[in-house]
Amino acid sequence: AMAAPRLPLVGKWLPGPLVAIVCAIAFSCAISPWFPQRTLAEAAGPETFMGGEHSLPRWNFPPQGVDWKSGRMWASVLLTAIRMALVGLVESLLTVKLLDQITGVPGSTRRECFGQGLGNIVAGLF
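Criteria and cut-off values
- Residues numbered from 1 in each chain as written.
- Predicted model: local features only at pLDDT ≥ 70, side-chain atom pairs only at ≥ 80, totals over all residues.
- Heavy atoms only, no water.
- Helix = DSSP H or I, 4+ residues; strand = E, 2+ residues; numbered from the N terminus.
- Contact = heavy atoms within 4.5 Å.
- Areas by Shrake-Rupley, 256 points an atom, 1.4 Å probe, with all protein chains shown as cover.
- Salt bridge = Lys/Arg side-chain N within 4 Å of Asp/Glu carboxyl O.
- Buried < 20%, exposed > 50% of the residue type's maximum accessible area, 1.4 Å probe, protein only.
- Phe/Tyr/Trp six-rings, centres within 6.5 Å; stacked < 30°, edge-to-face > 60°.
- Expected span 1.5 Å × (residues − 1).
- Axes fitted to C-alpha atoms, helices over the stretch in contact; angles between N-to-C directions.
- Left-handed = near helix turned anticlockwise from the far one by under 90°.
- Nonpolar A, V, L, I, M, F, W, Y, C, P; charged D, E, K, R; others polar.
- Disulfide = S-S within 2.5 Å.

1. Some remarks on the overall build of the chain
- Across its full length, the chain holds 5 helices and 0 strands.
- Moving toward the C terminus, one meets the helices and strands of the chain in the order α-α-α-α-α.
- Along the first, second and third principal axes, the C-alpha atoms of the chain reach 70 × 50 × 30 Å.
- The contacts of the chain with a sequence gap of at least 6 include a subset with a gap of at least 24, amounting to 26%.
- Carbon and sulfur atoms provide 69% of the accessible area of the chain, an area that totals close to 11,100 Å².

2. A few points about the pattern of salt bridges
- Taken as a whole and assessed by the stated rule, the structure comprises 1 salt bridge.
- Notably, a salt bridge pairs Arg-38 with Glu-42, separated by 3.9 Å at the nearest N-O pair.
- Note on Arg-38: relative accessible area 61%, which makes it exposed.

3. Looking at the packing of aromatic side chains
- Evaluated as defined, the whole model comprises 1 aromatic pair.
- Considering the side-chain rings of Trp-68 and Trp-74, the 5.8 Å spacing of their centres and the 40 degrees angle between planes classify their relative orientation as tilted.
- For Trp-68, a relative accessible area of 39% translates into the label partly exposed.
- Among the residues examined, Trp-74 registers a relative accessible area of 36% and is labelled partly exposed.

4. Some points on the side chain of Ser-92
- Relative to the helices and strands, Ser-92 is located in helix 4 (residues 71-103).
- Once residues within four sequence positions are removed from consideration, Ser-92 is found in contact with Glu-112 and Gln-116.

5. Section: the environment of Leu-94
- By the element assignment, Leu-94 lies in helix 4.
- Here Leu-94 falls in the exposed class, since its relative accessible area comes to 58%.

6. Comments concerning helix 4
- Under the 1.5 Å per step criterion, the end-to-end length of helix 4 is 47 Å for 33 residues, consistent within 8% with the ideal 48 Å.
- Regarding helix 4, the residues found buried are Gly-88, Ser-92, Val-96 and Asp-100.
- Check the buried side of helix 4 and you find it contacts helix 5 (109-124).
- Positive phi shows up at Gly-104, right after helix 4, with a value of about 80 degrees.

7. Section: the packing of helix 4 against helix 5
- Where helix 4 contacts helix 5, the two axes come as close as 10 Å, and the packing angle between them is 145 degrees. The handedness of the crossing between helix 4 and helix 5 is right-handed. Contacts from Ala-85, Gly-88, Leu-89, Ser-92, Leu-93, Val-96 and Lys-97 of helix 4 reach helix 5 at Thr-109, Glu-112, Cys-113, Gln-116 and Asn-120.
- Classifying every residue of the contact of helix 4 with helix 5 by side-chain character gives 5 nonpolar, 5 polar and 2 charged.

8. A closer look at the state of the cysteines
- In this structure the tally under the stated criterion is 0 disulfides.
- Looking at Cys-29, it has no disulfide partner, and the nearest cysteine sulfur is the one in Cys-23, 12 Å off.

What follows is the structure, given as structure tokens:
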């Protein structure tokens, strides 16, 4: 793709991204005997792409087969939840600070934290 604009004849008629796409397709066809193509339906299952209500996650609350009185289970759940929440929160706050620097308009970290927490609670219901 980088060489196509530098070639006098090809560079005038074919844009570099088009040449890159054609090269990628040719490469994919060349290696297909050793690496067969797979579709998302094969990887995730055809029921994933049925559409409508079938595309939403199942509402299976409370889950079956869970020992709700096990302290070890609750400790593991809480530790994992805290770790994931902290990673998501730090990532969001770093993004807010970066956008503050780029745009020069201060963002509300309090609103960001509230929205992140509310989103985690709603997502946890699924």
